[in-house]
Every structure is written in C-alpha cells, then in structure tokens.
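# Topology and contacts: notes
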Amino acid sequence: MSVHIRFLGGAGTVTGSKYLIEHDGQSLLVDCGLFQGYKQLRLRNRDPLPVLPNRIGAVLLTHAHLDHSGYLPLLHREGFHGKVWATPATRDLAQILLPDSGHIQEEDAAFANRKGFSKHAPALPLYTEEDALKSLKLFRTVPMREAFEPLRGWHARFSSAGHILGAASLLLEVGGRRLLFSGDLGRPDDVLMLPPDPPPAADVVICESTYGDRNHPQEDVVAELGPALARAAARGGTAVVPVFAVGRAQEILFAIHQLKASGQLPHGLPVYLDSPMAIESTELFCQHLGEHRLNAGQCRDIGHVARMVRSVEESKAIARQHGPKVILAASGMATGGRVLHHLAQHLGDHRNMVVLTGYQAPGTRGATLAAGHPSLRIHGQDMPVRAEVVQLTSASAHADSNQLMAWLKALPSAPRRVLVTHGDMEASDRLRHRIETELRWQALVPEHGSTWLA
Ligand SMILES: [Zn+2]
C-alpha cells in the first residue's frame, strides 16, 4: 500500500507549510501554516482545502511559527477534530501566537471596513481570536525525541531542529516508509538556540530550503547591530526594529544587553519591547531552560534590558518620548501588528532608522523596505521612506545552504529521494542542484498542489 505526500503549501514558497500524508484510508497533516506575503499567496488561505478537514485524522506541528501553525483555527472551524501533536514548548508558543493571529485578523478586517478600502464589503476575518482559542484544546504534547502514535499504525518522533523554542524535525513511519521532515532548521552557530539533532535514517527526506541559495556572512548580530543603533542614537533618531516575537526579539534583546554592558551603546538609551507576545515569549524562554543556550541569569538580563510595553495606550505614548530610542515591535516582516504604527510615525524623518532583522518574504512590507523603495503602503496610505533602512545579514533562525547540506550529509545512509520545499524558486532549485551534484542523491522540487508517491 503506497504512501502519498500532497503539497498543500510550503512548496515553491516559504509560507503556508501543509503536507498531507495519506495511506490506507487514513491521513494526517504535517504542519498547518498560513500563507503570507504576496496577496496571491494570502488569497490561498481562503481557498477550501482539496480534502475535507473532518477526514484528516491528526495534525503534527514541527513548530509554532504561523507559517507552520496559523491555519489551524480555520481547519478546526471547518470541521477538523483530531489531535494536534506538538512539543511542549511549541504548544506554549502556539497558545500565545494563535489567539494573537486571530485578533490581528479581526482588527485588520474591522480597520478595512472602517476605512472602506476593502474591495469585498464587508471584509471578514479569516478566523477570530475565539476560533484560535478553541483550536488550542486539540493540542497533545509529546516530549522531544519520544516516540508516539498519531494514528493507528503510524509512528512518529520529533527531534530538535534548533530554529526556535520547541522547533522539531519529524520522523514519520507509515506503510513501511520512513519519511523525514526537516521542519525549519536552525543554524548550528545560533546565538540562542542549540544545534539541530543529527537526522535519523529515512527513505524520503522533505527538506526546507529558505536559504538554499545563500550562505550567511561570518558577522555576528552584536557586531552588525551595535554601529547601526549607535549611529541612529547619535543623530537623535529612533530605531524601529520589526521583530518576530519568538526568537528574534530575544536575540536582539540579548545583543542590546551585551552592547550596553560593553559600553558600545549608551546605558541610558531607552529600549522598548512593544509586543505583549514577544514579552510572553521572553518569559517562556526562562521557563524552558535547557532547550536553548541562555542560562537563568542571561534570561533575566534580556528581560531587564527593555521597557516592556503591554497596553495600547503605553504603545502610543512611546511616540511622545523625545530623544533617541529603540523600539522593538512585531511583526518581523511588518505584515501587521504594532510595528505598523511605529513605522508610520517614524519613516518620514531621515534621522530615524528601520532595522530589518531577518528573512523578508517577497511581497511583505519588510521586503519593500529592504529593496529601498521610496514609499511604503500602511493602512491604505503611502508613507514616504526617508529613514535609513538597515538589514541585518547575520540575524537568521535558518540554516544556510552549507548548513543544510551538512545536515543532509549527516544522514546515516542515502535516502531514495530528497524533496526540496519551503523556499523561493531560486533557493529551492539551487539546493536541489547541490544535492544532486555534491551528494549524488536524487532530489526534486515539488510543485504546489502536487502529490508524491513515497
Ligand atoms: Zn519557522
């Protein structure tokens, strides 16, 4: 009996990760992510899945980032009632991220209706905060490296992928096949996260390729961030730093702590962490000691380096603070969240700075800024960009091309096939080429919506 892998997302793009595995009348989803970035991609979130959600037996989440988990509330509302398997830290993060995602969907829809710029009247949220809260009840946690049986006769095990707190690779054994999903792989030299576990033997490897065509520079975050923030502060400017609430926010806080401790940044320079979600994620870091490189003292340090901004009133009050400052706010690619009003406030002044802190998916505001575009559309208005835009090349939660190759090389034996996913076309194809020429393994880049017979 054959095993089918259907690529319902995360193929030919970095977002929307959703792999449907079917065997002998049963099926499960590996990851359940939202499409983000280009509007044509985001519209896919509104298309019905090619399979009825109530026919899917389980969902296995490699990690909590929304491009891997953010479709779950909708899947549940549309009829999925199976279990959602995840590591404990992934469940903890999903409890923060999913309701917030629902909240943002509702706010965006309400805003569009208020301003009347929605082409569909009235704009409806993809799902609500309440939908998200309901979907959290489906979670079952399983510790890293422990075997579990998501469906009768299907065996699975998570192993550490680095990347972010709780992030895992997944080995799935079904129908006599061993399928290994890399999940998002972290870098072995990450400032915060421990290196990924070596991969177990598998017949088919489904490997991410976010940075399949690039290698990270040797530079570290502290060395890149220090001079930039010092420059903005010296000219009395505000640095707005769009951050991913999970991982990147903590990494930047840790870097700022080191920069202040070594005197590279003025001790009195005000730093704000304006993201309730990032604040909660920072607290989670301290609760999951041993899953990352920080000790208890360092966890406390990153909690103290910034003023934690929880309420919307406080967030708005930051704008009234004169003098240089640093504002960290989500989301990391400026697709939504509080960072938008900080950008709208600060983009027009050349003394200010925007620091982009990681991969910016094509079609996002972050990518528009990175490309040096003279204006940016926020809430239906074009804002002129006069602030300096800096993109950190070192801050990345993803393994680069060489590191992906090294992870694959660590497989105990050659797989029959590597399916290269979770990358832009260029990145995926470059990695495919390297796998075929350097390892002499068969590799291919599956198309969105295609099915692979394992
Ligand atoms: Zn991720």
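Check the entry above for the structure.
Model, not experiment: these values are computed from the prediction. Throughout, residues of each chain are indexed from 1 in the direction in which the sequence is written. In view of the model being predicted, local features appear only for residues whose pLDDT reaches at least 70, and side-chain atom pairs are presented and counted only at 80 or more, with totals across whole chains, interfaces and linings using the full set of residues. Here the side-chain values reflect all heavy atoms present in the structure, with hydrogen atoms and water set aside.

## Remarks on the sheet that holds strand β15 (residues 325-329)
Note on pairing: two strands pair once DSSP finds at least 2 bridges between them. Working definition: helices are DSSP H or I runs of at least four residues, strands are E runs of at least two. Numbering for both runs from the N terminus. The six strands are arranged β14-β13-β15-β12-β16-β19 in an open sheet whose pairing can be described as parallel. In this open sheet, the two strands that pair with only one neighbour each are β14 (307-308) and β19 (388-391). Note that strand β12 (residues 238-242) and strand β16 (residues 353-356) share two bridges and pair parallel. Bridging from a neighbouring strand, alanine 239 pairs with methionine 353 of β16.

## Describing the packing of helix α6 (residues 221-234) against helix α7 (residues 248-261)
Taken N-terminus to C-terminus, the directions of α6 and α7 make an angle of 70 degrees; their axes are 10 Å apart at the nearest point. Considering the angle they form, α6 stands roughly perpendicular to α7. Here α6 and α7 pass one another in a crossing that is right-handed. Contacts between α6 and α7 involve Val221, Val222, Leu225, Gly226 and Leu229 on the former and, on the latter, Glu251, Ile252, Ala255, Ile256, Gln258 and Leu259. We call Asp, Glu, Lys and Arg charged. Ala, Val, Leu, Ile, Met, Phe, Trp, Tyr, Cys and Pro are nonpolar, and the rest, Gly among them, are polar. For the contact of α6 with α7, the residue count by class is eight nonpolar, two polar and one charged. Note on definitions: angles span 0 to 180 degrees between N-to-C directions of axes, and those axes are lines fitted to C-alpha atoms, for helices only across the stretch in contact. Between 65 and 115 degrees an angle is taken as roughly perpendicular, under 35 as roughly parallel, over 145 as roughly antiparallel, and anywhere else as oblique. Should the near helix be turned counterclockwise from the far one by less than a right angle, the crossing is left-handed, whereas a clockwise turn marks it as right-handed. Residues are treated as being in contact if the distance between any of their heavy atoms lies within 4.5 Å.

## Topic: the coordination of the zinc ion
Only nitrogen, oxygen and sulfur atoms qualify as donors, provided they sit within 2.8 Å of the metal or within 3.2 Å for Na, K and Ca; with water excluded from the atoms, sites may seem incomplete. Every protein donor of the zinc ion is listed here as His63 (NE2), His65 (ND1), His163 (NE2) and Asp184 (OD), and their distances to the metal cover 2.2 to 2.4 Å. Just to be clear on the cut-offs, tetrahedral is four donors with all angles between 85 and 135 degrees, square planar is four donors and octahedral six with opposite donors over 155 degrees apart and all others between 65 and 115, and anything else goes down as irregular. Considering all four donor atoms around the zinc ion, angles at the metal cover 91 to 168 degrees and the coordination shape is irregular. The exposure class of histidine 163 is buried, given its relative accessible area of 3%. Burial classes: relative accessible area under 20% of the type maximum marks a residue as buried, over 50% as exposed, and values in between as partly exposed (1.4 Å probe, protein chains only).

## A short note on a negative patch on the surface
Like-charged residues are merged into a patch within 9 Å and nonpolar side chains (Val, Leu, Ile, Met, Phe, Trp, Tyr) within 5 Å, provided each residue has over 30% relative accessible area and no salt bridge. To be clear on the numbers: accessible area is Shrake-Rupley with a 1.4 Å probe, and residue cover counts the displayed protein chains and nothing else. Every case where a carboxyl oxygen of Asp or Glu lies within 4 Å of a side-chain nitrogen of Lys or Arg is listed as a salt bridge. Only four residue types enter the charge count: Lys and Arg as positive, Asp and Glu as negative, with His and the chain ends excluded. Note that the charge is assigned to NZ on lysines, CZ on arginines, CG on aspartates and CD on glutamates. A cluster of acidic residues, Glu106, Glu107, Asp108, Glu129 and Glu130, forms a negative patch at the surface. Looking at the negative patch, the elements that each hand over two or more residues are α4 (88-115) and α5 (129-135). No other element matches the three residues that α4 contributes to the negative patch. Tracing the sequence through the fold places aspartate 108 in helix α4. Overall, aspartate 108 belongs to the partly exposed group, its relative accessible area being 39%.

## Observations regarding the pairing of β16
Side-chain direction in a regular strand flips from residue to residue, so the side chains alternate between the two faces of the sheet. With burial as the criterion, each face of β16 is covered, one bearing Met353 and Val355 and the other bearing Val354 and Leu356. Pairing geometry for β16 and β19, over four bridges, is parallel. Counted as the bridge partner of leucine 356 is glutamine 391 from β19.

## Here's the deal with the sheet that holds strand β20 (residues 417-421)
As a general point, the strands of a sheet are linked pairwise by backbone hydrogen bonds and lie either parallel or antiparallel. Across the sheet, seven strands lie side by side as β7-β8-β9-β10-β11-β20-β21; this open sheet has mixed pairing. Of all the strands in the sheet, just β7 (147-151) and β21 (443-444) have a single pairing partner and so form its edges. Note that strand β8 (residues 154-160) and strand β9 (residues 168-174) share six bridges and pair antiparallel. Paired with histidine 155 across the bridge in β9 is glutamate 173. Contacts between helix α13 (residues 401-409) and the sheet are confined to β9, β10 (177-181), β11 (204-208) and β20, with β11 contributing the most and set at about 160 degrees to the helix.

## Comments concerning the side chain of arginine 248
In this fold, arginine 248 is placed in helix α7. Among the residues examined, arginine 248 registers a relative accessible area of 6% and is labelled buried. Separated by 2.5 Å, the side chain of arginine 248 and the backbone oxygen of threonine 357 make a polar contact. Not counting residues within four places of it along the chain, the set of residues in contact with arginine 248 comprises Val243, Thr357, Gly358, Ala395, Ser396 and Ala397. Any N or O atom pair separated by 3.5 Å or less is treated as a polar contact, with the protein-specific requirement of one donor-capable and one acceptor-capable atom, and with residues adjacent in sequence counted only for side-chain atom pairs.

## So, helix α8 (residues 276-287)
Each turn of an α-helix holds 3.6 residues, which means side chains three or four residues apart point in the same direction. In a helix, the anticipated span is given by 1.5 Å times the number of residues less one. When the terminal C-alpha atoms of α8 are compared, their 17 Å separation across 12 residues agrees well with the 16 Å that a helix rising 1.5 Å per residue should span. Where α8 is buried, its residues contact α4, α7, β13 (271-273), α9 (296-304) and β14.

## Description of the packing of aromatic side chains
Here a ring pair, both rings aromatic, is described through the centre-centre distance and the interplanar angle of the planes. Two rings from Phe, Tyr or Trp (for Trp, the six-membered ring) form a pair when their centres sit within 6.5 Å of each other. Planes less than 30 degrees apart are called stacked, planes more than 60 degrees apart edge-to-face, and all others tilted. With the rule as written, the count across this model stands at five aromatic pairs. Measuring from centroid to centroid gives 5.0 Å for tryptophan 85 and phenylalanine 148, while their planes differ by 25 degrees, and the two rings are stacked. In this pair, tryptophan 85 is assigned in strand β5 (residues 83-86) and phenylalanine 148 in strand β7, connecting sequence segments 63 residues apart. The class of tryptophan 85 is buried, set by a relative accessible area of 13%. Taking the relative accessible area as the measure of exposure, phenylalanine 148 reaches 7% and is therefore buried.

## Here we look at the environment of isoleucine 327
Within the element layout of this structure, isoleucine 327 appears in strand β15. Spatially, the C-alpha atoms of isoleucine 327 and arginine 46 are 33 Å apart, while their sequence positions differ by 281 residues. If sequence neighbours within four positions are ignored, isoleucine 327 has contacts with Thr238, Ala239, Val240, Val241, Tyr272, Asp274, Ile318, His342 and His346.

## Things to note about the nonpolar core
With 71 residues, the main nonpolar core has Ile256, Leu328, Leu408 and Ile435 as its most contacted residues. Apart from residues no more than four positions distant in its own chain, isoleucine 256 is found in contact with Leu225, Leu229, Leu265, Val271, Val305, Val326 and Leu328. What we call a nonpolar core is a set of buried Ala, Val, Leu, Ile, Met, Phe, Trp, Tyr and Cys residues that are connected through their side-chain atoms within 4.5 Å. Core analysis: the next-biggest nonpolar cluster, separate from the first, contains 29 residues, Phe7, Val142, Ile206 and Trp452 among them.

## Considering the packing of α13 against helix α14 (residues 425-439)
Look at α13 against α14: their axes get within 11 Å of each other, and the N-to-C directions meet at 50 degrees. Considering their axes alone, α13 and α14 lie oblique with respect to each other. Considering how the two elements wind past one another, α13 and α14 form a crossing that is right-handed. Here Ser401, Asn402, Leu404, Met405, Leu408 and Lys409 of α13 come into contact with α14, specifically with Leu431, Arg434, Ile435, Glu438 and Leu439. Taken together, the residues of the contact of α13 with α14 sort by class into six nonpolar, two polar and three charged.

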